[in-house]
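Given next are the chains, with one letter for each unit.
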Amino acid sequence: MIEEIKPSLFRLEVPLPNSPLKFLNSYVIRSSARNLIIDTGLNRKECLDAMQQGLKQLSIDLAKTDFFITHLHADHFGLLSKLVTDTSQVFFNRPETELIEASGWWERMIAYAAKNGFPENELRAAIQSHPGREFGSEWVPEISILQDGDEIIAGSYRFKCVSTPGHSLGHTCLYEPNKKILAAGDHILIDITPNIQCWSDEQNPLQDYLASLDKVNDMEIDLVLPGHRRLIRDHKTRIAELKDHHERRLREVLSLLGDDPRTAYQVASRMTWDLDCASWEEFPKAQKWFATGEAIAHLRYLERKGSILRKDEETTTTFALNELSPVDAKVG
Ligand SMILES: [Zn+2]
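If you're wondering where the values come from, they're calculated on a predicted model, not measured in any experiment. (Residues numbered from 1 in each chain as written. Predicted model: local features only at pLDDT ≥ 70, side-chain atom pairs only at ≥ 80, totals over all residues. Heavy atoms only, no water.)

Novice: With reference to specific residues and values, describe the overall build of the protein.
Specialist: On a plain count of helices and strands, the protein comes out with eleven helices and 14 strands. The C-alpha atoms of the protein give a radius of gyration of 20 Å, which matches the 20 Å a tight globule of 332 residues would have. Each principal axis of the C-alpha atoms in the protein carries an extent, and together these give about 65 × 40 × 35 Å. In the protein, which comprises 332 residues, the proportion classed as buried is 53%. Sequence-distant contacts in the protein: of pairs separated by 6 or more residues, those separated by 24 or more amount to 63%. (Helix = DSSP H or I, 4+ residues; strand = E, 2+ residues; numbered from the N terminus. Rg over C-alpha atoms; globule rule 2.2 N^0.38 Å. Buried < 20%, exposed > 50% of the residue type's maximum accessible area, 1.4 Å probe, protein only. Contact = heavy atoms within 4.5 Å.)

Novice: Describe the coordination of the zinc ion, listing the residues and the values that go with them.
Specialist: Around the zinc ion, the donor atoms from the protein are Asp75 (OD), His76 (NE2), Asp186 (OD) and His228 (NE2), and they sit 2.0 to 2.3 Å away. Sequence spacing among the residues donating to the zinc ion works out to D-H-x109-D-x41-H. Of this pair, Asp75 sits in helix 2 (residues 74–77) while Asp186 sits in the loop between strand 11 (181–185) and helix 8 (205–217); the two residues are 111 residues apart in sequence, bridging distant segments of the chain. Neither Asp75 nor Asp186 differs from the other in exposure class; each is buried. (Donors = N, O, S within 2.8 Å, 3.2 Å for Na, K, Ca; no water.)

Novice: An account of the sheet that holds strand 10 (residues 172–176) is needed here, citing residue identities and associated values.
Specialist: The strands making up a sheet associate through backbone hydrogen bonding, with each pair oriented either parallel or antiparallel. Read from one edge of the open sheet, five strands run 8-9-10-11-12, paired in mixed fashion. Two strands close off the open sheet at either side, each with one partner strand: strand 8 (151–154) and strand 12 (223–226). Pairwise comparison of adjacent strand axes, ignoring direction, gives a mean angle of 25 degrees for this sheet. Of the pairings in the sheet, the one linking strand 8 to strand 9 (residues 157–163) comprises four bridges and is antiparallel in character. Each residue of the ladder has a partner; that of Ile153, found in strand 9, is Arg158. (Pairing = 2+ DSSP bridges. Axes fitted to C-alpha atoms, helices over the stretch in contact; angles between N-to-C directions.)

Novice: Outline the packing of helix 5 (residues 105–115) against helix 11 (residues 285–305), supporting the account with residue identities and numerical values.
Specialist: Relative orientation of the contacting elements helix 5 and helix 11 amounts to 70 degrees, with a least axis distance of 11 Å. Here helix 5 is positioned roughly perpendicular relative to helix 11, judged by the angle of their axes. Seen from helix 5, the contacting residues are Met109, Ile110, Tyr112 and Ala113; seen from helix 11, they are Trp289, Ile296 and Arg300. (Parallel < 35°, antiparallel > 145°, perpendicular 65-115°, else oblique.)

Novice: So, the pattern of salt bridges: which residues are in play, and what are the values?
Specialist: On inspection of all chains with the given rule, the structure shows 22 salt bridges. Arg44 serves as the salt-bridge partner of Glu46, at 3.0 Å between the closest nitrogen and oxygen. Owing to a relative accessible area of 35%, Glu46 belongs among the partly exposed residues under this scheme. Lys288 is paired through a salt bridge with Glu122; the nearest N and O atoms lie 3.2 Å apart. (Salt bridge = Lys/Arg side-chain N within 4 Å of Asp/Glu carboxyl O.)

Novice: Please give an account of the environment of Leu275 that cites residues and values.
Specialist: Along the chain, Leu275 falls in the loop between helix 10 (264–270) and helix 11. For Leu275, the contacting residues outside a window of four places in its chain are Phe283 and Gln287.

Novice: Break down the nonpolar core for me, citing the residues and quoting the values.
Specialist: One finds Leu182, Val267, Trp289 and Leu299 to be the most contacted residues of the largest nonpolar core, which totals 53 residues. Secondary-structure elements contributing two or more residues to this core are helix 5, helix 6 (120–128), strand 10, strand 11, helix 8, helix 9 (235–256), helix 10 and helix 11. Of the residues forming this core, the biggest block, nine residues, is contributed by helix 11. With residues up to four places along the chain from it excluded, the contact list for Leu299 reads Val253, Leu257, Ala264, Val267, Ile308 and Phe319. In terms of nonpolar packing, the next biggest core, distinct from the first, is built from 27 residues, Leu24, Ile60, Phe67 and Ile143 among them. (Core = buried A, V, L, I, M, F, W, Y, C linked by side-chain atoms within 4.5 Å.)

Novice: Talk me through the packing of aromatic side chains; I want residue IDs and the actual numbers.
Specialist: For the structure shown, the criterion picks out seven aromatic pairs. Here the aromatic rings of Trp199 and Trp289 are separated by 4.2 Å at their centres, their planes lie at 15 degrees, and the arrangement is stacked. With a gap of 90 residues between them, Trp199 in the loop between strand 11 and helix 8 and Trp289 in helix 11 connect regions that are remote in the sequence. When sorted by exposure, Trp199 lands in the same class as Trp289, which is buried. A centroid spacing of 4.9 Å and a plane angle of 45 degrees characterise the contact between Trp280 and Phe283, whose relative ring orientation is tilted. (Phe/Tyr/Trp six-rings, centres within 6.5 Å; stacked < 30°, edge-to-face > 60°.)

Novice: Please set out the pairing of strand 11 residue by residue, giving values where relevant.
Specialist: Burial within strand 11 is extensive, with five of its five residues counted as buried. By the bridge criterion, three bridges tie strand 10 to strand 11 in an arrangement that is antiparallel. Paired with Leu174 across the strands is Ala183, a residue of strand 11. As consecutive antiparallel partners, strand 10 and strand 11 are separated by four residues, and within that stretch Lys180 has a phi angle of approximately 55 degrees, a positive value. Bridge count between strand 11 and strand 12: four bridges; the pairing is parallel.

Written out as structure tokens, the structure reads:
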């Protein structure tokens, strides 16, 4: 499905089979000089077919096309290697370029998950069904690194990069100040909440995410072009809802930490999830993985605030309430 949103700016729907996200929105800016494609889809046949068909309908010549990828997740980055040509430029952020270049990060994530209580016998299955493993890019083209404030010009669109870490380490949006359009990747979505996961003690992605929401909230935006689902007109209302969601989540996580210390996996298994499963045991392994990552993100945020205490033992990390922390300072 193709929709012309603004002159020469198209939304191309790329199906994501078996995913609650349903489809990825790839945005195509057609221009007589260079075209620009924002985000691509998973590296799988259904996505490639939809993309090729859509680009053909729009008469897009890939040899005259550059790419901007909002973040490293497979549903945005995965198909890039199938579309890029020798003459394409690929614009991407620095933190995630470094992540690609660093070897062994899957193994580090696995070790981190195990330490946070993810059962050894479920780990490998969870990783095997992880979309990043199954549908990620086979190779990585040469990347032109862009930073906050850098510009990309495509036809009559003059985009500025807006660094919005949180949903991922280097997540970046594109803002067109004259047209007041924000290509938002997975920073702001409607109907679904962007997943915030933490897989390293060096990071505090929920804090980053909330700061990135504030940053975008202050911008003049008439239309948000999200990575999934419907376009968003009122970004401030949606941002308020997203902040509210995380505040409720933080309170829930606090309420789940009683007297006994708990691992992030144990906390995740007791949190409420919007999934069609009768119990935690029935959760697909990959969903348990995402849920645990999300629980860690909220626990880390509370730990950094001083509301809870982390205890690192040789094989396991647990969290408990910090009884010395005043209740009203625990969240927010
Ligand atoms: Zn996505």
